[in-house]
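# Chain and residue survey
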Amino acid sequence: MKYSILLAMLVGTLALSGCITTPAGPAGPQGVTGDTGATGNTGATGRVGNTGNQGNTGNTGATGNTGNTGNTGDTGATGYTGATGATGDTGNTGATGNTGNTGARGNTGNTGNTGAKGSTGGNSTIVVVPPQ
């Protein structure tokens, strides 16, 4: 009988536990993402089509005939050349006038004397002035 009381209490506890609800606990950590699957094989490349045939070249047309060359006309008769007139006499050349005398040349003036040279200091600048 001892077991039947314990069994009755266990059944009662189970029955009451189905009626009483407690709030849900915090959410658990997120699971790890699974591995990515293998990439599929690339499909085969299609075949290249054949190149079309080239058309035939057309025939060249016939060349036309060349026309006849016309006749050359007769050359006219040359007229008579008149007589050449006599050449006139050449006139005398006039006398050339006398050349005038050249004037006397004037005297050249004397050149002025150059001034005395000044002494130069240690760091002086020399200025050269041309004569006037």
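For the structure itself, look to the data block above.
Figured I'd write up the structure that's included with this text.

### Digging into the overall build of the protein chain
Along the protein chain, the regular secondary structure elements total one helix and zero strands. Within the protein chain, the fraction of its 132 residues that count as buried is 0%. Surface exposure of the protein chain reaches about 14,700 Å², of which carbon and sulfur atoms provide 51%.

### Regarding a nonpolar patch on the surface
A cluster of nonpolar side chains, Y3, I5, L6 and M9, forms an exposed patch at the surface whose accessible area comes to about 500 Å². Considering the arrangement of structural elements, one finds L6 in helix α1 (residues 2-19).

Cut-offs applied
Residues numbered from 1 in each chain as written. Predicted model: local features only at pLDDT ≥ 70, side-chain atom pairs only at ≥ 80, totals over all residues. Heavy atoms only, no water. Helix = DSSP H or I, 4+ residues; strand = E, 2+ residues; numbered from the N terminus. Buried < 20%, exposed > 50% of the residue type's maximum accessible area, 1.4 Å probe, protein only. Areas by Shrake-Rupley, 256 points an atom, 1.4 Å probe, with all protein chains shown as cover. Patch = residues over 30% accessible without salt bridge, like charges linked within 9 Å, V, L, I, M, F, W, Y side chains within 5 Å. Salt bridge = Lys/Arg side-chain N within 4 Å of Asp/Glu carboxyl O.

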